[in-house]
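# Structural characterization, general
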Amino acid sequence: MTVPTGRRERKKAATRQKIADTALRLFLERGYDAVGIRDVAAEADVAVTTLFSHFASKEALVFEQDDDFEQRLTRAATGRAPDEPLVPALRREVLALVRHCTADSALPVRRMVEASPALRDYEESMRLRHADSLATAIAADPGRSRSATACRAIARFAVDAYSLALGAADPDAAVDEIFRMVEAAWEAA
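Residues numbered from 1 in each chain as written. Predicted model: local features only at pLDDT ≥ 70, side-chain atom pairs only at ≥ 80, totals over all residues. Heavy atoms only, no water.

Taken as a whole, this structure holds two aromatic pairs when the rule is applied. Look at F27 and Y32: their rings are 4.9 Å apart centre to centre, the planes differ by 65 degrees, and that puts the pair in the edge-to-face class. Overall, the relative accessible area of 6% leaves Y32 in the buried class. Between the NZ or CZ atom of K58 and the centre of the ring of Y32, over which it lies, the distance is 4.2 Å. Its guanidinium or amino end placed over the ring of W186, R146 lies 4.3 Å from that ring's centre, counting from NZ or CZ. (Phe/Tyr/Trp six-rings, centres within 6.5 Å; stacked < 30°, edge-to-face > 60°. Buried < 20%, exposed > 50% of the residue type's maximum accessible area, 1.4 Å probe, protein only. Lys NZ or Arg CZ within 6 Å of the ring centre and 35° of its normal.)

Quick look at the packing of helix α6 (residues 86-102) against helix α9 (residues 148-166) now. For any two helices packed against each other, one specifies the crossing angle of their axes together with the interaxial distance. Where α6 meets α9, the closest approach of the two axes is 9 Å, and the angle between their N-to-C directions is 30 degrees. It follows that α6 is roughly parallel to α9 by the angle criterion. Classified by chirality, the crossing of α9 by α6 is right-handed. On α9, the residues that touch L86, L90, V94, L97, V98, C101 and T102 of α6 are I154, A158, A161, Y162, A165 and L166. (Axes fitted to C-alpha atoms, helices over the stretch in contact; angles between N-to-C directions. Helix = DSSP H or I, 4+ residues; strand = E, 2+ residues; numbered from the N terminus. Parallel < 35°, antiparallel > 145°, perpendicular 65-115°, else oblique. Left-handed = near helix turned anticlockwise from the far one by under 90°. Contact = heavy atoms within 4.5 Å.)

Moving on, we get to the nonpolar core. With 33 residues, the main nonpolar core has L90, L134, I138, F179 and W186 as its most contacted residues. Other than its neighbours up to four places away in sequence, I138 contacts A77, L86, L90, R144, C151, I154, A155 and W186. Counting 23 residues, the second-largest nonpolar core is a separate cluster that includes A23, V40, M112 and V113. (Core = buried A, V, L, I, M, F, W, Y, C linked by side-chain atoms within 4.5 Å.)

All right, on to the packing of helix α1 (residues 7-30) against helix α7 (residues 107-115) then. Running from amino to carboxyl end, α1 crosses α7 at an angle of 70 degrees, the nearest separation of the two axes being 11 Å. The angle between α1 and α7 places the two elements in the roughly perpendicular class. The two elements α1 and α7 cross, and the hand of that crossing is left-handed. In this structure, α1 contributes L24, F27 and L28 to the contact, and α7 contributes P108, V109 and M112.

In this section: unusual backbone geometry. Phi at D45 is positive, roughly 60 degrees, even though this residue is not glycine. Turning to its location among the elements, D45 is positioned in the loop between α2 (37-44) and α3 (48-54).

As a further point, take α7. Among the residues of α7, those classed as buried are V109, R110, M112 and V113. On an axial view of α7, the arc spanned by its buried residues comes to 160 degrees, and they lie on one face. Among the exposed residues of α7, those oriented more than 90 degrees off its buried face are R111 and A115. Among the structural elements, α1, α4 (58-62), α6, α8 (117-139) and α9 are those in contact with the buried residues of α7. (Arc of directions from axis to C-beta.)

Note that all results are geometric; they support no functional claim without further evidence.
Below is the structure:
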């Protein structure tokens, strides 16, 4: 995540982080469904309107790194070296995201998401958005020789690899197995 340079931007980023940290602490202490937006705003010492200027919904508070994850995926496609193939770059980034989300420190949040239908639905909509952004980034590659459909499919495969690996007994091995299939599909396209 980029560090804001101006005073105003730093203050906004600090407020956003304070709200997210407060929300997560309350959700983990009391349970996601037992905490309301007003509870989070009061505990973070901000107005509800301030909270909503930083987060579009209660679910977004849990996934405060959503934009960063989406940018990381698209940068894996657009920021790789000219001679680096697409699929290994995507694999590396997906593996990093999986490791982040399966670290011991992330397990309470993962359990909370899995226990909440609202959070699971929100996460699924996030994944679809991430796949759309990634597909757009892949399709914009001037050296692309695959169809737009192939670009969309490979983006979905990469994002779904993340999701499938989260639920695997050995997430690293799952990423490896899935990306062998992704590589074969990309080569076949």
